[in-house]
Amino acid sequence: MKIRKSDVIWNYIGTIMSLGSNFLLLPFIIYFLDGESLGLWCVFLSIGGIVVLFDFGFNPTLARNVAYSWSGAEKLSKIDAIFTNNGEPNIGLLKKIVNTSKKIYLLISSIALLVLLTVGTLYVLHISENMSGYDHMIAWIIYSFAVFLNLYYGYYATFLRGVGAIKEINIAIISARTFQIIASIVLLYFDFRLIAVAVAYLGYGMIFRLFSKLLFYRFHNIGEKLKTDNSKVTNEDIRETFNVIWHNAWRDGLVSLSSYLSKQASVVIASMYLSLTETGIYSISIQLVTAIASISGALYTSYQPSLQAAYINKDTNKSKTLMSIAMTVYILMFWIGIVILSTIGLPILSKIKPNTVFSLPILIAISVYEFLLKHHSYYASFISNTNNVPYVKAFLFSGALGVILAILLVRGTNLGVWGLIIAQILAQAIYNNWKWPSKVISAFETNIFEMIKIGSKNIFNKVSATR
């Protein structure tokens, strides 16, 4: 599995479009929504983040196993995979994974919708009791069904990443995000308020999943190959495949839970102890910094199929080079992005709505936390390419510790938002921030400075070659 130049370019475009849509939509959302509605929308997103946890690790685990079957795995196993020598895709194995995924996600999404419409509705009613009218509850119902559809058909996007169809998945992202941006702006202009952003989000999900499905079946004629494959997928095959996938899926699920606790849970905590307006400003700051971090790490995402292939082929030098380039680019792009956001982005937002006050010190503190969090997460993700996830307990412990400390500091002190940030920084700094980068770097028999040197040299060579 080789990553084309066009894959890298499209991945950057897709990532910028996906996360940049936050930047493009934010001025309109801030302008057309009042402080309470803005804060409630941020709470919607955080509750939706909880429900996405019902995926419980199947997404990254399926992506790895799809990559294995596409790379010629003869058989899946709980710890690794057994590969043939010819490297030809195993369509019969891929067929089993596809059929198993459909059943898994139907169950997961149905449970998620039930939770959103019951527990989620009660919570939204509680925190919005001072809001008049029913528009916000209609928006919540629409948003709930949007989450259901996104979760149910989410496996097609996972399959695209698994087979290395980076360009194709980003075409789907760009198409769907374009619709979301246009629909949001038009509906906000006609004063649909929260309903506007909820409907636009629903449309984004439907378009993204539809394109992902079509592009997956067209990629190297996968759809035709699956149809012409004569192997039968029995219930026993599905049970066996599920058991193999579940072995690491629940571990990846705990990692996803820890990721939620490390980030989005703080928004829910804020909504419990701070005003909806304060919650909205805090959540938007997190979204902006997260967008910069994800755009900065887009190259690692592009390289992931190649990193998995390098692991399969035991090509340590290639793994080292790719990680060096990806992490060097991440470091440079992240801090350049934060400087631009601080010097240009915040002043623009302040002019759009002067009574919405963003704090530069808080933004910088969130940036430090997010940078370190994503930095060690990419190294941990590299470890997971070996179908091994040794960081589960550490991630989960740090996530839970961050939540406990945040509640204690927000309730027991006058720190407010600062209490949320300090709690999360402390929880991750004691172990994860340094443990997983040092583990990978030690395995490469190098150090961080040498990796930056390797990365910088390769970046310079690539840039020079394009002149």
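Everything quoted here is computed from the prediction, not taken from an experiment.

1. Focus: the overall build of the chain
Right, so step 1: Broken down by element type, the chain carries 19 helices and two strands.
Right, so step 2: Its C-alpha atoms give the chain a radius of gyration of 22 Å, near enough to 23 Å, the size a compact globule of 467 residues would have.
Right, so step 3: The dimensions of the chain, computed from C-alpha atoms along their principal axes, are 65 × 50 × 45 Å.
Right, so step 4: Here the chain holds 467 residues, and the buried ones make up 55% of them.
Right, so step 5: The long-range share in the chain, meaning contacts at least 24 apart out of those at least 6 apart in sequence, stands at 82%.
Right, so step 6: Counting every atom, the chain has about 20,800 Å² of accessible surface; 65% of that belongs to carbon and sulfur.

2. Quick word on the packing of aromatic side chains
Right, so step 1: Throughout the structure, instances matching the rule amount to 33 aromatic pairs.
Right, so step 2: Judged by centre distance (5.6 Å) and plane angle (45 degrees), the ring pair of tyrosine 155 and phenylalanine 159 falls under tilted. Here phenylalanine 159 and tyrosine 155 lie together in helix H6 (residues 155–162), a separation of four residues that amounts to about one turn.
Right, so step 3: Among the residues examined, phenylalanine 159 registers a relative accessible area of 0% and is labelled buried.

3. Let's talk about the environment of serine 283
Right, so step 1: Structurally, the position occupied by serine 283 is in helix H12 (residues 276–296).
Right, so step 2: Taking C-alpha positions, serine 283 is 30 Å from isoleucine 383, a pair spaced 100 residues apart along the chain.
Right, so step 3: Among residues more than four places away in sequence, those in contact with serine 283 are Cys42 and Val267.

4. Brief notes about the nonpolar core
Right, so step 1: Counting residues in hydrophobic clusters, the biggest one holds 138 residues, and the most contacted among them are Tyr282 and Met323.
Right, so step 2: In this structure, methionine 323 is in contact with Tyr300, Leu307, Tyr378, Tyr379, Phe382, Phe444 and Met451, ignoring residues within four places of it in sequence.

5. What about the packing of H12 against helix H15 (residues 360–384)?
The angle between the axes and the distance between the axes are what describe a pair of packed helices.
Right, so step 1: Direction vectors running N to C along H12 and H15 enclose 40 degrees, while the axes themselves pass 9 Å from each other. When the axes of H12 and H15 are compared, the pair comes out oblique. The chirality of how H12 crosses H15 is right-handed. Taken together, the residues of H15 that come into contact with H12 (itself represented by Tyr282, Ser285, Ile286, Val289, Thr290, Ala293 and Ser294) are Leu363, Ile366, Ser367, Glu370, Lys374 and Tyr378.
Right, so step 2: The residue inventory of the contact of H12 with H15, partitioned by class, reads seven nonpolar, four polar and two charged.

6. Here's the deal with H6
An α-helix turns once per 3.6 residues; consequently, residues spaced three or four apart project the same way.
Right, so step 1: Most of H6 sits out of view: seven of its eight residues are buried.
Right, so step 2: Where H6 is concerned, the buried positions are Tyr155, Tyr156, Ala157, Thr158, Phe159, Leu160 and Gly162.
Right, so step 3: Close packing links the buried residues of H6 with helix H3 (58–70), helix H4 (91–127), helix H5 (135–152), helix H7 (166–189) and helix H8 (193–218).
Right, so step 4: Downstream of H6 by a residue or two, glycine 164 has a phi angle that is positive, lying close to 80 degrees.

7. What about the packing of helix H13 (residues 298–312) against helix H14 (residues 316–352)?
Right, so step 1: Between H13 and H14, the shortest axis-to-axis distance is 10 Å and the interhelical angle comes to 170 degrees. Classified by the angle between their axes, H13 and H14 sit roughly antiparallel to one another. From H13, Leu299, Tyr300, Tyr303, Ser306, Leu307, Ala310 and Tyr311 reach across to H14, where they touch Lys318, Ser319, Leu322, Met323, Ile325, Ala326 and Val329.
Right, so step 2: A per-class count over the contact of H13 with H14 returns eleven nonpolar, two polar and one charged.

8. A look at the confidence of the model for the chain
Right, so step 1: Within the chain, residue pLDDT values average 85, and 93% of them lie at 70 or more.
Right, so step 2: Mean pLDDT per element in the chain: strand E2 (residues 81–83) is the minimum at 64, and helix H17 (residues 417–429) is the maximum at 94.

9. Some words on the side chain of threonine 100
Right, so step 1: Position of threonine 100 among the secondary structure elements: in helix H4.
Right, so step 2: Separated by 2.7 Å, the side chain of threonine 100 and the backbone oxygen of lysine 96 make a polar contact.
Right, so step 3: Look past the residues within four positions of threonine 100 in its chain and what remains in contact with it is Ile238, Thr241 and Phe242.

10. Here we look at a nonpolar patch on the surface
Right, so step 1: On the surface, Ile182, Val186, Tyr189, Phe190 and Phe192 cluster together into a nonpolar patch covering about 550 Å² of accessible area.
Right, so step 2: Positionally, phenylalanine 190 belongs in the loop between H7 and H8.

11. A look at the pattern of salt bridges
Oppositely charged side chains are able to pair whenever their charged atoms sit close together.
Right, so step 1: Following the criterion strictly, the structure yields five salt bridges and no others.
Right, so step 2: We note a salt bridge from lysine 95 to aspartate 229, for which the minimum N-O separation is 4.0 Å. Here aspartate 229 lies in the loop between helix H9 (222–228) and helix H10 (235–262) and lysine 95 lies in helix H4, a separation of 134 residues in the sequence.
Right, so step 3: In this structure, the salt-bridge partner of aspartate 135 is arginine 193, at a minimum N-O distance of 2.9 Å. Of this pair, aspartate 135 sits in helix H5 while arginine 193 sits in helix H8; the two residues are 58 residues apart in sequence, bridging distant segments of the chain.
Right, so step 4: For arginine 193, a relative accessible area of 39% corresponds to the partly exposed category.

12. A short note on the side chain of glutamine 180
Right, so step 1: Relative to the assigned elements, glutamine 180 resides in helix H7.
Right, so step 2: On the basis of relative accessibility, which here comes to 7%, the residue glutamine 180 falls in the buried class.
Right, so step 3: Discounting residues that sit within four places of it in the chain, glutamine 180 has contacts with Leu25, Ala200, Tyr201 and Tyr204.

Rules used throughout
Residues numbered from 1 in each chain as written. Predicted model: local features only at pLDDT ≥ 70, side-chain atom pairs only at ≥ 80, totals over all residues. Heavy atoms only, no water. Helix = DSSP H or I, 4+ residues; strand = E, 2+ residues; numbered from the N terminus. Rg over C-alpha atoms; globule rule 2.2 N^0.38 Å. Buried < 20%, exposed > 50% of the residue type's maximum accessible area, 1.4 Å probe, protein only. Contact = heavy atoms within 4.5 Å. Areas by Shrake-Rupley, 256 points an atom, 1.4 Å probe, with all protein chains shown as cover. Phe/Tyr/Trp six-rings, centres within 6.5 Å; stacked < 30°, edge-to-face > 60°. Core = buried A, V, L, I, M, F, W, Y, C linked by side-chain atoms within 4.5 Å. Axes fitted to C-alpha atoms, helices over the stretch in contact; angles between N-to-C directions. Parallel < 35°, antiparallel > 145°, perpendicular 65-115°, else oblique. Left-handed = near helix turned anticlockwise from the far one by under 90°. Nonpolar A, V, L, I, M, F, W, Y, C, P; charged D, E, K, R; others polar. pLDDT = per-residue confidence, 0-100. Polar contact = N/O pair within 3.5 Å; in protein donor to acceptor, adjacent residues only side chain to side chain. Patch = residues over 30% accessible without salt bridge, like charges linked within 9 Å, V, L, I, M, F, W, Y side chains within 5 Å. Salt bridge = Lys/Arg side-chain N within 4 Å of Asp/Glu carboxyl O.

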